[in-house]
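# Analysis of the macromolecular model
As a plain string of letters, each chain reads:
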Amino acid sequence: MTWNPRLLPDQSGRTVVVTGANAGLGYNTSEQLAAAGAHVVLACRNPVKAAAAIAAIRGRVPGASVSTLLLDVADLTSVRAAADRMLELPQLHGLILNAGIVHPPQDRSVSLDGAELVLATNYTGHFLLTSLVLPVLQRTPGSRVVSLGSMISRLMDSSLDDLQLETTYNGWKAYAQSKIAMQVFGFELDRRLRAAGQGGPAGVQSLVAHPGYSISGLTPGIRGVNEVGRGKRFVDTLQGFIGAQGKDAGAWSIVRAAIDPAAVGGQYYGPRFLTRGAPTLQHPTRTSLDHGVAARLFARTEALVDAPFALAP
C-alpha cells in the first residue's frame, strides 16, 4: 500500500492521546493527527507550554479538535492521576508514548519515585500508564499503542540488566537503554495482547516507531512551540546534508504506525533511509524482539513501579 504522509486517511470520530505533545515530535504528531480530523489529547507536564501548543494547532489547523491533560511521566503519582482521567474517555483509539528526555543530563539524576531519570521519563512512566489505561483501549475496537523507539538501538545495544545505572551512568547509555526498553516493551505488549486473545485488527494493537535523525533546526518555526535561533538553525541545516530531517518529517513514522489501516500489531516503522525519508516498514534489532530480555525487563519494571503489568505473559 502506498502511504502519503501529507494525505492522511480521515480520522474523524477517533481520539488519540499523545504524551509529551507540546513540542518536537509530540507536537508535530499531534498537529498531523488533528489535521486528519482526530480529536487529539495533548498529555503534557507544563500547562503553559501545553496551552501554547493548543493555540498553535488551532491556528494552523482550522477547526482542530484538541484538548490537554496534565501528565508528568517521570512522576508515578501524576501518571496514575492522568490514567484515571483517560479511563473516563468513552473510547481511546490511540495512545502514543512519545514523552521523553532527548538530551540526557551529564550526571545521574533520579525521579521522585527513585528511578534513574532518563529511564523514568522515557520508559517507566509509559509502562505504568499503558497498564492502567488498558481497559479503555480494550473497549475501543481497533485501538493502538505506539511506542517511540530510536535508531540508537542500531548503534548501541544493551541487555537491560542494569536499568538504574547507579555506578555505570553515562548520559547516552541511559538514553539508549531507555529507548531499547521502549522497543522491547512495544513488541512484548503485542505478544501479550495476542496471547490473551486481545490483539488483532478488532482488538488492541501494539506497534513501535522511530523518527530517524530528526532535529529542531530543520523543523518549521512555530511561535511558542519551536523557536530556534539563527546559530542552531545554521548548524542544523548543515546536518541536513548528512542525513538529518525536521521533526515534522520525523513524526511521519509515528503517525503511520498509529493510523495506517494496513499496519498491524508487532510492526516497526521508521524513515526509509534510517535517518530520514518517507515512513516504511522496517526490521527491529534482535534485542528488541528477545523474549528473555522482555521477561526480565517487565519483572524489573514491575518492581520499579510497584505494580504488576495488567497482562500476564
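See the structure above.
Reference entry: report on the structure contained in this document. (Residues numbered from 1 in each chain as written. Predicted model: local features only at pLDDT ≥ 70, side-chain atom pairs only at ≥ 80, totals over all residues. Heavy atoms only, no water.)

### Quick word on the nonpolar core
The biggest cluster of nonpolar side chains holds 42 residues, and the ones touching the most others in it are Leu-95 and Leu-129. Contributions of two or more residues to this core are made by strand 2 (39–44), helix 3 (76–86), strand 4 (94–97), helix 4 (117–138), helix 5 (171–195) and helix 9 (291–305). The dominant element in this core, judged by the number of residues it contributes, is helix 4, at nine residues. Setting aside anything within four residues of it in sequence, one finds Leu-95 in contact with Val-17, Met-86, Leu-129, Thr-130, Val-133, Leu-137, Arg-144, Val-145 and Val-146. (Core = buried A, V, L, I, M, F, W, Y, C linked by side-chain atoms within 4.5 Å. Buried < 20%, exposed > 50% of the residue type's maximum accessible area, 1.4 Å probe, protein only. Helix = DSSP H or I, 4+ residues; strand = E, 2+ residues; numbered from the N terminus. Contact = heavy atoms within 4.5 Å.)

### Let's talk about helix 5
Its 25 residues give helix 5 an end-to-end C-alpha distance of 36 Å, which sits within 8% of 36 Å, the value for a rise of 1.5 Å per residue. For helix 5, a buried count of 20 out of 25 residues is recorded, marking the element as mostly surrounded by other parts of the structure. Taking the backbone nitrogen of Trp-172 as reference, a side-chain oxygen 3.0 Å away marks Asn-170 as the first, capping residue of helix 5. Positive backbone phi, approximately 75°, marks Gly-197, located one or two places after helix 5. (Expected span 1.5 Å × (residues − 1). Polar contact = N/O pair within 3.5 Å; in protein donor to acceptor, adjacent residues only side chain to side chain.)

### Structural notes on the packing of helix 3 against helix 4
As a packed pair, helix 3 and helix 4 sit with axes 9 Å apart at the nearest point and diverge in direction by 20°. One finds that helix 3 runs roughly parallel with respect to helix 4. As for how helix 3 packs across helix 4, the hand of that crossing is right-handed. Facing Leu-76, Val-79, Arg-80, Ala-83 and Met-86 of helix 3, the residues of helix 4 in contact are Gly-125, Leu-128, Leu-129, Leu-132, Val-133 and Val-136. Looking at side-chain class alone, the contact of helix 3 with helix 4 contains nine nonpolar, one polar and one charged residues. (Axes fitted to C-alpha atoms, helices over the stretch in contact; angles between N-to-C directions. Parallel < 35°, antiparallel > 145°, perpendicular 65-115°, else oblique. Left-handed = near helix turned anticlockwise from the far one by under 90°. Nonpolar A, V, L, I, M, F, W, Y, C, P; charged D, E, K, R; others polar.)

### Brief notes about the pairing of strand 5 (residues 143–148)
For strand 5, the tally of buried residues reaches six of six residues, placing the bulk of the element in the interior. Of the two faces of strand 5, the one lined by Ser-143, Val-145 and Ser-147 and the one lined by Arg-144, Val-146 and Leu-148 are each fully buried. Note that strand 4 and strand 5 share four bridges and pair parallel. Considered in strand 5, the bridge of Gly-94 is made with Arg-144. Assessed by its sense of winding, the connection that carries the chain from strand 4 through helix 4 to strand 5 is right-handed. (Pairing = 2+ DSSP bridges. Right-handed = clockwise from strand over helix to strand, strands pointing away.)

### Some words on empty space enclosed by the protein
Going through the model one piece at a time under the given rule, you end up with one cavity of 30 Å³ or more. Volume-wise, the largest cavity comes out at about 40 Å³. In terms of lining, the largest cavity is formed by Ala-74, Leu-76, Ser-111, Asp-113, Ala-115, Ala-120, Thr-124 and Leu-304. The residue inventory of the lining of the largest cavity, partitioned by class, reads five nonpolar, two polar and one charged. (1 Å grid on protein atoms, 1.4 Å probe; cavity = no way out; pocket = protein on both sides within 12 Å on 5 of 7 lines; lining within 4 Å. Points joined across faces, edges and corners; volume = space filled by probe spheres on them.)

### What to know about the packing of aromatic side chains
On inspection of all chains with the given rule, the structure shows ten aromatic pairs. Consider the rings of Phe-127 and Phe-309, whose centres lie 5.0 Å apart with planes at 50°: the pair is tilted. With Phe-127 in helix 4 and Phe-309 in the segment after helix 9, this pair connects stretches of sequence that are 182 residues apart. Accessibility expressed as a relative area gives 6% for Phe-309, which makes it buried. (Phe/Tyr/Trp six-rings, centres within 6.5 Å; stacked < 30°, edge-to-face > 60°.)

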